[in-house]
Amino acid sequence: MARSLYRFYLYAVATALLIFAITAFGSLLSTGLAFTSLRGTYQSIPTQAQFVQAVSYACVAFLIAGLLGGLHYWLIRRDLRQEPQAAHSAIRSFFLNTTEGISVAFGVPLLGAALSSLASTYYSGVIFIWSSALSFLLLACLVHLERRRTGEPTGLALVFQRIHIFGVQLVLLFTVTAFFVFVPAIREAIDTFFFGGAAQCDMNSSCNPANPFWLLISLLWVAGSWIFYSWMARQDRSLATRLIFHGLGLAYGVAFLLRGCFLAIVVLLHLGYRDAVHLAQILGYQGTYDFFSPLVLGVLLIGIYAWSLNSSIRQELMRLEVLRLTMLAIVGAVLAGAFWWGLGRLLFNALEIVFPTNGMLVDHQAWFESWALVLCGACYMLVDWYVRRVYKRDGELVAGPRRGYVLTLLGAGVLAGAIGLAVVLYTGVTTLLGSAVSNWQLAAQGGLSAFLVGGVLVGIYLPTALREHLFKGNEVPHEEKPSSVAVQQPTGVVPEEGHEEQPALSQDAAIEAILDALLANNLSRDQAAARLHELIHVGK
């Protein structure tokens, strides 16, 4: 306990002094950048007094942090030499992974924003962003070098490393989403490359289109950082953690791909209806029908996460058949969400026509969006058929993906039906009691649509779950059975004195033992087949 407190003190003080030195570096860098064109139009050049103050503060901070920090770092190195197991201690892993993770989580988005700001002709106030981003990244690099001095952690130290890698990867995923979808970087780059900035300068002849070079550099920076952390995560051997994070990431990518297809179909339906769709509506700042950004993001996410999940095959963590069906089940669940959501919206539009509210007619935009959702998710039926077919062929080998797929859609149906029924009952009761909510007809129609769609989902997948016994786990036998066949003694070999010969299993019991071992992943398929052939040969 005393040694752990001493080690905690060393890492806490050393980390704090390192952060102190980095803040001084950031202050000096901010002052230096103010002498460049990055200061913009409205910021003045620092005076001599400001420059001297920044340099003096940096020198003092470097001196104090260098002396005290160097002393504590020497004590840390001595502790590692005296106790080699300290290299894998939870305290060391906590401080190093936490510091590096927070630095990367702030540094990568800030540098991406700083790079994208250079794409605009008019930029101001970006010095603080540049200095902060470079300071965070310098801190992350220094801590990463120290973390790499020791080998792979174990125990609680490995838990902290996984939180760092997968947590930062999740933050960078949201950063990539923001830069690819919410920030008009891709739209402006496409507009500048192919249309000469026509969408950005819509009805404004004096504007200057964004510089596509810096836009692409910012996108490559955030995407490259996220891919680097994905590469680090693929080296982890925790199958459950990787399936959760990378499986959700794959679903996230499929959702954005469907979003792009949805917007593209809506645009095509508008053009078929002879509606005018301006270029600014697709590539402009608002980008109402921007289908390029989600399509590019969806393809990128699907490719990286599929590559990350496939690495579990090379590491022999999962069989290829199971991984393929798992990925297909994830894609099918997302497609099913789009398909049934579109059917619900079609039903809602039909109810609005049958029971009009305040004389309002259904806009053709609502029909376009509803049919676009149905068309985007129409492949779900093909995926559903294929998953069912593979499950019938391979049985328990792919029972996990099949169970997750069916129960996900069943749960979605239960929730949709329950929420829809609650809305219908609530609006009906309040109306009968003379205290109707505003627009209760629309709320009731929406609730009824959700209830009917949820009821259909439950009607399809509840019998399937009962028929395939998906609510039951793997049955555990009451008596423990051996997982391998008894080894036959060669002819003429006498057992050693003091060792009794193990009784041979009957052929039926031996077959059951082999199948139990195969289902428990204690035997491979080839090993099980070889033992079954041996039993058949012995039986003859």
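Every value quoted in this text rests on a predicted model; they were computed, and no experiment measured them. Residue indices begin from 1 for each chain and proceed along its sequence in written order. Two thresholds apply to this predicted model, a pLDDT of at least 70 for residue-level local features and 80 or more for giving and counting side-chain atom pairs, whereas whole-chain, interface and lining totals are computed over all residues. To get the side-chain values, all heavy atoms of the structure are used, and hydrogens and water are removed first.

What to know about unusual backbone geometry
Right, on to step 1. Unusually for a residue other than glycine, N439 sits at a positive phi of about 55°.
Right, on to step 2. Put simply, DSSP marks the helices as runs of H or I at least four residues long and the strands as runs of E at least two long, and each gets a number from the N terminus on. Here N439 is to be found in the loop between α14 (399-432) and α15 (440-467).
Right, on to step 3. Positioned with a positive phi, H469 is a non-glycine residue whose angle comes to about 55°.
Right, on to step 4. Mapped onto the elements of the fold, H469 is located in the loop between α15 and α16 (507-519).
Right, on to step 5. Each residue's exposure class comes from its accessible area (1.4 Å probe, protein chains only) as a fraction of the maximum for that residue type: buried when under 20%, exposed when over 50%, partly exposed otherwise. Residue class for H469 comes out partly exposed when judged on its relative accessible area of 49%.

Things to note about the packing of helix α11 (residues 320-354) against helix α13 (residues 380-394)
Right, on to step 1. To define axes, lines are fitted to C-alpha atoms, for helices over the stretch in contact only, and angles between the resulting N-to-C directions are given on a 0 to 180 degree scale. It is at 8 Å that the axes of α11 and α13 come closest, and there the two elements cross at 145°. The crossing of α11 and α13 is left-handed. Residues L325, L328, G332, L335, A336, F339 and W340 of α11 form the contact with α13, whose participating residues are Y380, M381, V383, Y386, V387 and V390.
Right, on to step 2. Amino acid classes used here: Ala, Val, Leu, Ile, Met, Phe, Trp, Tyr, Cys and Pro are nonpolar; Asp, Glu, Lys and Arg are charged; the rest, including Gly, are polar. Here the residues of the contact of α11 with α13 sort into twelve nonpolar, one polar and no charged. Handedness of a crossing is defined here by the sense of rotation of the near helix relative to the far one, left-handed for an anticlockwise turn of less than a right angle and right-handed for a clockwise turn. By the convention used here, residues are in contact when the closest approach between their heavy atoms is within 4.5 Å.

Remarks on the confidence of the model for the chain
Right, on to step 1. Looking at any residue, its pLDDT shows the predictor's confidence there, from 0 to 100. Looking at the chain, pLDDT values average 84 and 87% of them are 70 or higher.
Right, on to step 2. Counting contacts from residues 475-504, a segment whose pLDDT is below 50, to residues more than four positions away or on other chains yields 19 contacts.

Re the packing of aromatic side chains
Right, on to step 1. Two aromatic rings from Phe, Tyr or Trp, using only the six-membered ring of Trp, form a pair when their centres are within 6.5 Å; if the ring planes differ by under 30 degrees the pair is stacked, by over 60 it is edge-to-face, and anything between is tilted. Inspection of every chain in the model, using the stated rule, returns 20 aromatic pairs.
Right, on to step 2. Here the aromatic rings of F20 and Y57 are separated by 6.4 Å at their centres, their planes lie at 80°, and the arrangement is edge-to-face. A residue pair is termed long-range when its members are at least 10 positions apart, and F20 in helix α1 (residues 2-33) and Y57 in helix α2 (residues 48-82) qualify at 37 residues.
Right, on to step 3. On the basis of an interplanar angle of 85° and a centroid distance of 6.0 Å, the ring pair of F228 and Y229 is categorised as edge-to-face.
Right, on to step 4. The exposure class assigned to F228 is partly exposed, which follows from its relative accessible area of 41%.
Right, on to step 5. One aromatic cluster in this structure is built from F8, Y11, F94, F95 and F160.

Notes on α14
Right, on to step 1. With 34 residues, α14 should cover 50 Å at 1.5 Å per step; its first-to-last C-alpha distance of 49 Å lies within 8% of that length.
Right, on to step 2. For α14, every residue scored as buried is listed here: A399, P401, R402, Y405, V406, L409, L410, G413, G417, G420, T427 and T430.
Right, on to step 3. The inward-facing, buried residues of α14 abut α11, α13 and α15.
Right, on to step 4. A positive backbone phi angle near 80° is found at G434, which sits one or two residues after α14. For a helix, the expected span equals 1.5 Å multiplied by the residue count minus one.

As for the pattern of salt bridges
Right, on to step 1. Salt bridge, as used here: a side-chain nitrogen of Lys or Arg that lies within 4 Å of a carboxyl oxygen of Asp or Glu. The final tally for this structure, using the stated rule, is twelve salt bridges.
Right, on to step 2. Residues D290 and R187 are paired through a salt bridge, measuring 3.0 Å at the closest nitrogen-oxygen approach. Residue D290 is found in the loop between α9 (279-283) and α10 (292-314), and its partner R187 is found in helix α6 (residues 185-195); the two are separated by 103 residues along the sequence. For the pair formed by D290 and R187, the shared burial category is buried.
Right, on to step 3. D394 is paired through a salt bridge with R393; the nearest N and O atoms lie 3.2 Å apart.
Right, on to step 4. Judged by its relative accessible area of 23%, D394 is partly exposed.
Right, on to step 5. Using a relative accessible area of 53% as the deciding quantity, one classes R393 as exposed.
Right, on to step 6. Each member of the salt-bridge network shares a partner with another, and the members are R77, R92, E146 and R149.

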